[in-house]
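Spelled out, the chains give:
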Amino acid sequence: MHSNQSSQVETEVENYKSKMKILKNGRVFWNLTKGSINTKEASDVLVKLMPVSYGSKSTEKPEKSEKPGESEEKKKPPQQTLLKYPVLPLNETLDRFMLTVQPLLTPEEFKKQQEITNNFRDNEGDKLQELLEQAGKDSCNWLSERWKKVAYLQYRDPVTVYISPGMTFPMENFKDRNDFINYTAKVIFGLCEFKGIVDAGKIPIVKMGKNELDNSQFGKVFGTCRIPVRIQDEIAFNSCTKHTVIIYKNHFYKLTLYDKDDKVLSAPTIAKQLTKIMDSETERGIPFGIFTTDSRDNWAEAYETLSKDPQNCATMKTIQSALFTVSLDECVKYEPSERMDELILSLIHGGGSKVNSGNRWMDKTIQLVVNPNGNVGFTYEHSPAEGQPIAMMMDYVVKKMGDDKSFGDNGSTNVPEEPQKLKFAETTPCIDQLLFFSSTNIDKLVKNLQVKVLKFQGYGKGYIKSVKLGPDSFVQMALQLAFYKLHKVPAAQYESAHLRIFANGRTETIRSCSNESLAFCKAMTSGKASIEERAQALRAAVGGHQAYTRLALQGRGVDRHLLGLKLMALENNLPVPAFFSSLGYTKSMHFRVSTSQVATVYEAFMGYGPATEDGYACCYNPRECDIILAISCWASNSETDPKKFAAAITKAFMEMKDVLDNEPKKSKL
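Quick caveat: nothing in here was measured; it's all calculated off a predicted structure.

## Thoughts on the overall build of the protein
Move 1: Each helix and strand in the protein was counted, giving 21 helices and 18 strands.
Move 2: Burial status across the protein gives 63% buried among its 669 residues.
Move 3: Contacts in the protein between residues far apart in sequence, at least 24 positions, make up 78% of those at least 6 positions apart.
Move 4: Element-wise, carbon and sulfur atoms account for 51% of the exposed surface of the protein, whose accessible area totals about 25800 Å².

Following this line, the structure appears as structure tokens:
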């Protein structure tokens, strides 16, 4: 499944015209599209998210609510002043591209790549650049719709593991079933309250320098659902519906969350409804949700078959139109030392067909997952938005619940209708067979994914700042060093940068492997380099990463521009230039370390699957006094091991601190 060397985006682009029904390259594409969450930005916003005395820069009056099922386009967000996404000069991108590939190539390979790149620059590149510039003139963001199609909707591997990350809440310790239910009810209430802030257009508008950051993604997550369709999926937006869907023991229940006056039901009232649902079911139902964990074409086939029955159509439409789903999972035992591993795995895939994978609807953008063992979090489908709205939701709900023990008590007690069980039609032999296949596939996927969550407690971002270095870039260099020491080669390393200064902006790639990072790794593994030389190399590597990050945040990375040029060839029925199959291009796109920072003050983190068959994923939360890293890789690859990588990261962190603690004073200036 993980045999090809190029990234999934390349496979998708090659098939843009041919629209192949089955893709065999099992890359995790979601982590090429996520956005890092800035700790200060998130915490500053959360302080302001107080519904009673709420204020923001927005002066727009709240829009009238759309009718259930009305398209998102009819609901306009508060007016913002946002930049148009640019088409960079070709020479700027190609020159920067060459710098990023140099550490991955031998001198001879680099010389050959220079010839290929210059040939592309002087020939096909000019024509494709003209076409892309024209596309840029015709849209405020030439990339966004193309990106959504190529990166997500045409992607055929499962969203489970490959697309959808898990975002944890702080771990809980439920005393009994009532405690479990009451907690879940408060979270549901908090999500509705957060949605009210979004609907009122009161998410504060944050600036990066003089530029506002686009808030439109906050309005694209509630009521949103991916729909399986052969070749290319669709997205349905239903942001003004009033219900959630509760999934318990594989059974589905519609639970209306607002009374007839559109006031949110109180948490105790919601808890009573959850109790009724749980009391109604003693046996596991047929795991129809397991279909949503399978490949998109397999799920599309099953979806078409299910849709032949009107009862199934009605049930699936109710699930799809829910504001979010809530999975009340069956209790899973774990070893105390492996709790964080079990937590993130339960959110990424649910543990398999015999555990909780059938207790999901993986197409939903927001799935709240709550387990009686105290493990809580979100599973979120990545197509409509990056991770920021999801992470901020968690921060908001956890903060409100922590600050106010009576949080949720002031809602409505007027229940508009009792929970309604959503029934599927009796299965046929065909459906039974498809369920068997989907169950087999998720079990194989669960077995193949390895995870280790490292809570490094030697120091945190407080120390890193004290030595005048940027925490994010510091962690990135630690990952570079760990991989280099473990595998003896530098890794093409992906980190996401948000493009929210642009209208409808998504992400750009920060290429963390650089000439400076390689020099740093060599200095740290050389017996001849002095402490001063190692410290200087470390500071140069961190500085180089920070410089590239600033460029990426301005839309001046290389990856999206190069993708746009390739798409121009495909869209205009032109040959794809040899540049896109060159060694430098393919090697630099083979991200053996795929990363993102999702920062929160809480003991929480995000996790997802690796981007290549021979690589790792690593999502991290640098807190004041510790750093939490969720590491994953494939069991089927003998070269990678998440525990060994975690140990190498720990050692890298300690060695870097040792260098900085002992560097000569003049090096610190």
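## Side note on a negative patch on the surface
Move 1: Taken together, the side chains of Asp122, Asp126, Glu130 and Glu133 present a region of like negative charge at the surface.
Move 2: Looking at the negative patch element by element, the count peaks at 3 residues for helix 5 (residues 124–137).
Move 3: Note that Glu133 resides in helix 5.

## Regarding the environment of Met654
Move 1: Relative to the assigned elements, Met654 resides in helix 20 (residues 642–662).
Move 2: Separated by 198 residues in sequence, Met654 and Phe456 have C-alpha atoms that sit 9.9 Å apart.
Move 3: Contact partners of Met654, with chain neighbours within four places excluded, come to Phe456 and Tyr459.

## Brief notes about the packing of aromatic side chains
Move 1: In the structure shown here, the tally under the stated rule is 31 aromatic pairs.
Move 2: A centroid spacing of 6.3 Å and a plane angle of 40° characterise the contact between Phe97 and Tyr585, whose relative ring orientation is tilted. Of the two residues, Phe97 sits in helix 3 (residues 90–101) while Tyr585 sits in helix 19 (residues 583–589), which places them 488 residues apart along the sequence. Like Tyr585, Phe97 is buried.
Move 3: For the pair Trp299 and Trp361, a centre-to-centre distance of 5.6 Å together with 85° between the ring planes defines the contact as edge-to-face. Within this pair, whereas Trp299 is found in helix 9 (residues 296–306), its partner Trp361 is found in the loop between helix 11 (339–348) and strand 9 (366–370), the two being separated by 62 residues in sequence.
Move 4: What makes Trp299 buried here is its relative accessible area of 0%.
Move 5: One aromatic cluster in this structure is built from Phe252, Phe288, Phe291, Trp299, Tyr303, Trp361 and Phe424.
Move 6: Across the ring face of Tyr258, the terminal group of Lys242 is positioned such that the distance to the ring centre comes to 5.2 Å.
Move 7: A cation sits over an aromatic face here: Lys657 above Tyr463, 4.9 Å from the ring centre.

## Description of the nonpolar core
Move 1: Core analysis: the biggest nonpolar cluster contains 89 residues, and Phe291, Trp361 and Leu562 have the highest contact counts within it.
Move 2: Leu562 has contacts with Thr93, Leu94, Phe97, Phe579, Phe580 and Tyr585, leaving out every residue within four places of it along the chain.
Move 3: Counting residues in hydrophobic clusters, the runner-up holds 60 residues, among them Val187, Phe324, Val376 and Phe378.

## Observations concerning the pattern of salt bridges
Move 1: Scanning all chains against the criterion turns up 33 salt bridges.
Move 2: The salt bridge partner of Arg230 is Glu304, with a shortest N-O separation of 3.1 Å. Of this pair, Arg230 sits in the loop between strand 4 (224–227) and strand 5 (234–237) while Glu304 sits in helix 9, and the two are 74 residues apart along the sequence.
Move 3: A relative accessible area of 33% means that Arg230 is categorised as partly exposed.
Move 4: Since its relative accessible area comes to 39%, Glu304 is described here as partly exposed.
Move 5: Among the salt bridges present, the one from Arg506 reaches Glu386, with a minimum N-O distance of 2.3 Å. Here the residue Arg506 occupies a position in the loop between strand 13 (493–498) and strand 14 (507–511), and Glu386 occupies one in the loop between strand 10 (376–380) and helix 12 (388–403), the gap between them amounting to 120 residues.
Move 6: Glu386 sits in the buried class, given a relative accessible area of 4%.
Move 7: Salt bridges here are not isolated pairs; linked through shared partners, they connect Arg156, Arg226, Asp233, Arg296, Asp297, Asp363 and Glu381.

## Here we look at the sheet that holds strand 11 (residues 420–422)
Move 1: Pairing within the open sheet is mixed, and its 8 strands lie in the order 11-7-6-8-9-10-1-16. Edge strands, defined here as strands with exactly one partner in the open sheet, are strand 11 and strand 16 (606–607).
Move 2: Examined bridge by bridge, strand 1 (residues 166–168) and strand 16 share 2 bridges and lie antiparallel to one another. Its bridge partner lying in strand 16, Gly166 is registered against Gly607.
Move 3: Lying on the sheet, helix 7 (residues 177–199) is in contact with strand 6 (243–248), strand 8 (325–328), strand 9 and strand 10; it crosses strand 9 at an angle near 160°.

## Topic: the sheet that holds strand 14
Move 1: The mixed open sheet is built from 6 strands, whose spatial order is 12-18-17-15-13-14. Because the sheet does not close on itself, it has two edges, and the strands there are strand 12 (449–456) and strand 14. Between one strand and the next, the sheet's axes are offset by a mean angle of 25°, whatever the strand orientation.
Move 2: Inspection of the sheet shows strand 13 paired to strand 15 (residues 593–597) by 3 bridges, in the parallel sense. Paired with Tyr494 across the strands is Ser594, a residue of strand 15.
Move 3: Taken strand by strand, helix 11 contacts strand 12 and strand 18 (627–634), and its axis lies near 135° from that of strand 12.
Move 4: Packing of helix 20 onto the sheet brings it into contact with strand 12, strand 17 (616–622) and strand 18, and relative to strand 12 it is tilted by some 25°.

About the cut-offs
Residues numbered from 1 in each chain as written. Predicted model: local features only at pLDDT ≥ 70, side-chain atom pairs only at ≥ 80, totals over all residues. Heavy atoms only, no water. Helix = DSSP H or I, 4+ residues; strand = E, 2+ residues; numbered from the N terminus. Buried < 20%, exposed > 50% of the residue type's maximum accessible area, 1.4 Å probe, protein only. Contact = heavy atoms within 4.5 Å. Areas by Shrake-Rupley, 256 points an atom, 1.4 Å probe, with all protein chains shown as cover. Patch = residues over 30% accessible without salt bridge, like charges linked within 9 Å, V, L, I, M, F, W, Y side chains within 5 Å. Salt bridge = Lys/Arg side-chain N within 4 Å of Asp/Glu carboxyl O. Lys, Arg positive; Asp, Glu negative; His and termini not counted. Charge placed at Lys NZ, Arg CZ, Asp CG, Glu CD. Phe/Tyr/Trp six-rings, centres within 6.5 Å; stacked < 30°, edge-to-face > 60°. Lys NZ or Arg CZ within 6 Å of the ring centre and 35° of its normal. Core = buried A, V, L, I, M, F, W, Y, C linked by side-chain atoms within 4.5 Å. Pairing = 2+ DSSP bridges. Axes fitted to C-alpha atoms, helices over the stretch in contact; angles between N-to-C directions.

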